[in-house]
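# Working through the structure, step by step
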Amino acid sequence: MKNLKYIFIATVLLLLYSCKEEYYLFNDIKRLQFGPDITRIYTPSYNLADTTKSYTFFYESAVKQQDTLFFDIYAIGGVSDKDRSFKLEQVAVPGAENAVAGKHYKAFNDASLASKYLIKAGTVNAKVPVVMLRDASLKTTTVTLKFQIVENENFSTGEPSNIWRKAIFTDRLSQPASWNSTINSLFGKYSVVKHNFMIEKTGQKWDNDFISAILTDYALVTYWKGVVKVALIDYNANNPGKPLTDENGELVIIP
């Protein structure tokens with residue numbers, strides 16, 4: 001029995017140590033990390049949600065020259081009675097067209113953003129703004145902005161898997177984040193040609209909001225599938241020998 005007692009104590013200590021290494025105990029030093037929307041913070045399956053966000057200026061009028069993506073960030077170790085600033089920096093992504101500060105986005109040290117990169121007194125959560133700029137180069141390219149938390153006088157960094165986030169944006173038609181495996185099974189794999197064809201034939205944007213909305217209604221998604229499928233059949237019938245092909249030369253198919 002005595003040996004079992006020692007084994008039990010050793011196991012508990014090992015578990016506590018493991019938890020501290022991965023999640024950092026509440027009484028550890030003040031740390032900062034990204035996380036899901038605050039409404040999902042206690043749902044483990046959403047821990048890595050919003051790691052990457054995509055955006056296109058394609059649907060916006062020419063007047064709109066900038067827009068903002070928001071990422072949730074959390075302070076670990078309790079609240080403070082004063083505002084606490086935090087620091088972010090860009091991380092280059094090998095092989096990607098990396099965004100350029102001042103050209104594609106407002107630099108993280110831009111004076112106009114200083115008041116935004118704060119954990120306010122009495123809180124542990126903030127929305128981190130990433131301000132994207134509509135540079136002309138986005139008409140022909142898609143850029144990647146990966147950024148991470150940098151330790152400063154107020155915070156150390158949290159879990160390694162949650163100290164970074166990524167924004168991918170362009171001014172071209174691009175695959176919406178909501179075009180997932182479910183949409184693939186209904187409308188076939190994504191292509192820019194198919195996407196543009198669906199927009200032209202339905203008068204709908206087929207953006208994140210529209211796709212997310214129809215996926216909640218089986219009758220609605222079935223209706224729109226029928227509309228685009230008939231439109232594709234009509235197009236191919238009116239262009240004998242020249243069926244609709246995508247940017248890769250592959251036949252556009254609606255299953």
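Think of each chain on its own: its residues are numbered from 1, step by step along the sequence as written. Totals for whole chains, interfaces and linings use every residue, but because this is a predicted model, local features are given only for residues with pLDDT of at least 70 and side-chain atom pairs only at 80 or more, for both listing and counting. Each side-chain value is derived from all of the structure's non-hydrogen atoms; neither hydrogens nor water enter the calculation.

With that settled, consider the overall build of the protein. What the protein contains, in helices and strands, is five helices and ten strands. Buried, partly exposed and exposed residues are distinguished by accessible area as a fraction of the type maximum, computed with a 1.4 Å probe on protein chains only: under 20%, between the cut-offs, and over 50%, respectively. By residue count, 37% of the 255 residues in the protein fall in the buried class. Whether two residues are in contact is decided by their heavy atoms: any pair within 4.5 Å suffices. For the protein, the proportion of contacts with a sequence separation of at least 24, taken over those separated by at least 6, is 73%. For accessible areas, the Shrake-Rupley method is used with a probe of radius 1.4 Å. Any residue's cover is judged against the shown protein chains and nothing else. As displayed, the protein offers around 14700 Å² of accessible surface, 57% of which is attributable to carbon and sulfur atoms. By the criteria applied, helices consist of DSSP H or I runs no shorter than four residues and strands consist of E runs no shorter than two, each listed in order from the N terminus.

The next subject is the sheet that holds strand β5 (residues 87-91). What makes two strands pair is DSSP finding at least two bridges between them. Within the open sheet, the four strands sit side by side as β2-β10-β8-β5. Their pairing is mixed. Of all the strands in the sheet, just β2 (52-56) and β5 have a single pairing partner and so form its edges. Looking at each pair of strands side by side, their axes are set apart by 25 degrees on average, direction ignored. Across seven bridges, strand β8 (residues 142-150) lies against strand β10 (residues 164-170) in antiparallel orientation. Paired with Lys 146 across the strands is Lys 166, a residue of β10. To get an axis, a line is fitted to the C-alpha atoms, and for a helix only the part in contact is used. The angle between two axes follows their N-to-C directions and goes from 0 to 180 degrees.

On to the sheet that holds strand β9 (residues 156-157). Read across the sheet, four strands follow the order β7-β3-β1-β9 without closing on themselves; strand pairing throughout is mixed. In this open sheet, the two edge strands, each paired with only one partner strand, are β7 (125-133) and β9. Relative to β9, strand β1 (residues 31-34) runs parallel, the two sharing two bridges. Considered in β9, the bridge of Arg 31 is made with Ser 156.

Right, let's talk about the pattern of salt bridges for a bit. For this analysis, a salt bridge means a side-chain nitrogen from Lys or Arg found within 4 Å of a carboxyl oxygen belonging to Asp or Glu. Across all of its chains, the model carries seven salt bridges by this definition. The closest approach of N and O atoms between Asp 72 and Lys 127, which form a salt bridge, is 2.8 Å. Pair noted here: Asp 72 is in strand β3 (residues 66-76) and Lys 127 is in strand β7, with a separation of 55 residues, a long-range link. The exposure class of Lys 127 is partly exposed, given its relative accessible area of 41%. For Arg 134, the salt bridge identified is with Asp 171, shortest N-O distance 3.0 Å. Residue Arg 134 is found in the loop between β7 and β8, and its partner Asp 171 is found in the loop between β10 and α2 (181-187); the two are separated by 37 residues along the sequence. Both residues of the pair, Arg 134 and Asp 171, belong to the buried class. One salt-bridge network, held together by shared partners, links Asp 37, Asp 72 and Lys 127.

Expected span, for any helix, means 1.5 Å times one less than how many residues it has. Spanning 21 residues, helix α5 (residues 218-238) covers 30 Å between terminal C-alpha atoms, matching the ideal 30 Å at 1.5 Å per step. All of the buried residues in α5 are Val 221, Trp 224, Val 228, Ala 231 and Leu 232. End-on view of α5: buried residues confined to an arc of 100 degrees, all on one side of the axis. Relative to its buried face, α5 has exposed residues pointing more than 90 degrees away, namely Tyr 218, Ala 219, Ile 233, Ala 237 and Asn 238. Put simply, Asp 217 is the residue that caps the front of α5, since its side-chain oxygen is 3.0 Å from the backbone nitrogen of Ala 219. It is the directions from the helix axis to the C-beta atoms whose arc is reported. Residues adjacent in sequence count toward polar contacts only when both atoms are side-chain atoms; beyond that, a polar contact is any pair of N or O atoms within 3.5 Å, and within protein one must be able to donate a hydrogen and the other to accept it.

Here the protein shows a mean pLDDT of 88. Residues at 70 or above account for 89%. Note on residues 2-26: pLDDT under 50 across the span, and eleven contacts to partners over four residues away in sequence or across chains. Looking at any residue, its pLDDT shows the predictor's confidence there, from 0 to 100.

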